[in-house]
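Here's the letter readout for the chains.
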Amino acid sequence: MNSHLKSGKSKTATILLVEDEPAIQELLAFNITQCGFHPIQALNATSAMEHIKRELPDLILLDWMLPEISGVELAKRLRADQRTHNIPIIMLTARSDEKDKIIGLEAGADDYITKPFSPRELIARIRAVLRRRSPQLSDKITIVGDLEISPATHRVNIKSNGFSIPLGPTEFRLLHFFMTHPERVYSRSQLLDQVWGDHVFIEERTVDVHIRRLRQALEPYKMDHFIQTVRSNGYRFSSAPS
Ligand code: CA
């Protein structure tokens, strides 16, 4: 039961660290692990892009000064690509010039940290950006219509009558992602990226299987209408009729 609860909890945020100075890289990884996040380490932009190709991180800490491809250049490339344009980016830099800050933000960074930084400031900024950009990683209760989902207690409740809907761990994560991103259409590949964290090794059919299970779990409570199929596109969570 315990392991089931654990695996069903919303996933730990994966943070890609792109930093060419090993000492700073290790310091970042240490602090991030301490706060319960999962770090992935890359020493340059090319290695970062290889990681991203396999798995979308939840956030990127991106050093400005990198060999070959700079942090600003990498940020621009990620913003220009449909698959990666939504990944939150925090730029790290030794430059504290207002002008440089603007260049970083214009390249698509969400926030900006000047070295040397305090670990507390770093973590506070990561948390703030994640809260803003990745609501599915938060433990906050989300309510849509009569449906209420609580990642902290791993429960889905019907507000009006207090019924609790039993869901498997993957269906729970899927529903949580949908409820925190309502009214938008997601392709199977996007759902694999966002909910499974892997669109390379998992077949798209897997999404259909779990969508079916989720609908079956919601159906006895007349809540399955939220999960809508958008022909040849994917799926959408909507409180409006399809
Ligand atoms: Ca550097």
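The model shown is predicted, which means the values in this text are computed figures rather than measured ones.

Definitions and cut-offs
Residues numbered from 1 in each chain as written. Predicted model: local features only at pLDDT ≥ 70, side-chain atom pairs only at ≥ 80, totals over all residues. Heavy atoms only, no water. pLDDT = per-residue confidence, 0-100. Contact = heavy atoms within 4.5 Å. Pairing = 2+ DSSP bridges. Helix = DSSP H or I, 4+ residues; strand = E, 2+ residues; numbered from the N terminus. Axes fitted to C-alpha atoms, helices over the stretch in contact; angles between N-to-C directions. Core = buried A, V, L, I, M, F, W, Y, C linked by side-chain atoms within 4.5 Å. Buried < 20%, exposed > 50% of the residue type's maximum accessible area, 1.4 Å probe, protein only. Parallel < 35°, antiparallel > 145°, perpendicular 65-115°, else oblique. Nonpolar A, V, L, I, M, F, W, Y, C, P; charged D, E, K, R; others polar. Salt bridge = Lys/Arg side-chain N within 4 Å of Asp/Glu carboxyl O. Donors = N, O, S within 2.8 Å, 3.2 Å for Na, K, Ca; no water.

When pLDDT is averaged along the protein, the result is 88, and 93% of the positions lie at 70 or above. In this model, residues 1-10 is a region of pLDDT below 50 whose contacts with residues beyond four sequence positions or in other chains number 21 contacts.

With that settled, consider the sheet that holds strand S1 (residues 14-18). Strand order across the open sheet formed by 5 strands is S2-S1-S3-S4-S5, with parallel pairing between neighbours. Every other strand in the sheet has two partners, leaving strand S2 (38-42) and strand S5 (111-114) as the edge strands with one partner each. Neighbour-to-neighbour, the strand axes of the sheet open up by a mean angle of 20°, direction not taken into account. Taken together, the 4 bridges between S1 and strand S3 (residues 59-63) define a ladder with parallel strand orientation.

Here Pro88 lies in the loop between helix H4 (71-80) and strand S4 (89-93). For the pair Pro88 and Phe237, spaced 149 residues apart in the sequence, the C-alpha separation amounts to 23 Å. Beyond its immediate chain neighbours, meaning those up to four positions away, Pro88 contacts Asp58, Leu59, Ile60, Arg79, Asp110, Val129, Arg133 and Ser134.

With that out of the way, let us pick up the nonpolar core. In this structure, Leu147, Leu175, Phe178, Leu191 and Phe237 are the most contacted members of the largest nonpolar core, which totals 28 residues. For this core, the elements supplying multiple residues, two or more each, are strand S7 (147-150), strand S8 (155-158), helix H7 (169-180), helix H8 (188-196), helix H9 (205-218) and strand S11 (234-237). With 6 residues, the single largest contributor to this core is H7. Those residues in contact with Leu175, other than ones at most four positions away along the chain, are Leu147, Ile149, Val156, Leu167, Leu214, Leu218, Ile227 and Phe237. Ranked by size, the runner-up nonpolar core spans 23 residues in total, among them Ile52, Ile60, Met91 and Ala107.

A word on the packing of H7 against H8. Between H7 and H8, the least distance of the axes is 10 Å, while the angle of their chain directions is 110°. In this view, H7 runs roughly perpendicular relative to H8, as classed from their interaxial angle. Along the contact surface, H7 presents Thr170, Arg173, Leu174, Phe177 and Phe178, while H8 presents Leu191, Gln194, Val195 and Trp196. Grouping the constituent residues of the contact of H7 with H8 by class yields 6 nonpolar, 2 polar and 1 charged.

A separate point is the environment of Phe117. Within the element layout of this structure, Phe117 appears in the loop between S5 and helix H6 (119-133). Through-space distance from the C-alpha of Phe117 to that of Ala94 is 9.6 Å; in sequence the pair is 23 residues apart.

So, about the pattern of salt bridges. Here the structure, examined in full by the defined rule, presents 11 salt bridges. Of the charged contacts in the structure, one is a salt bridge between Asp111 and Arg125, with a shortest N-O distance of 2.9 Å. Linking Asp111 in strand S5 with Arg125 in helix H6, this pair joins segments that are 14 residues apart in sequence. Judged by relative accessible area, Arg125 falls into the partly exposed class, the value being 26%. A salt bridge links Glu203 to Arg205; the shortest N-O distance between them is 2.7 Å. On the basis of relative accessibility, which here comes to 47%, the residue Glu203 falls in the partly exposed class. Connected via shared salt-bridge partners are Glu19, Glu21, Asp63 and Lys115.

Our focus in this paragraph is the coordination of the calcium ion. Distances from the calcium ion to its protein donors, Asp20 (OD), Glu21 (OE), Asp63 (OD) and Met65 (O), fall at 2.1 to 3.1 Å. Along the chain, the residues donating to the calcium ion fall in the pattern D-E-x41-D-x1-M. Here Glu21 is found in the loop between S1 and helix H2 (22-34), whereas its partner Asp63 is found in strand S3, with 42 residues between them in sequence. For Glu21, a relative accessible area of 37% gives the class partly exposed.

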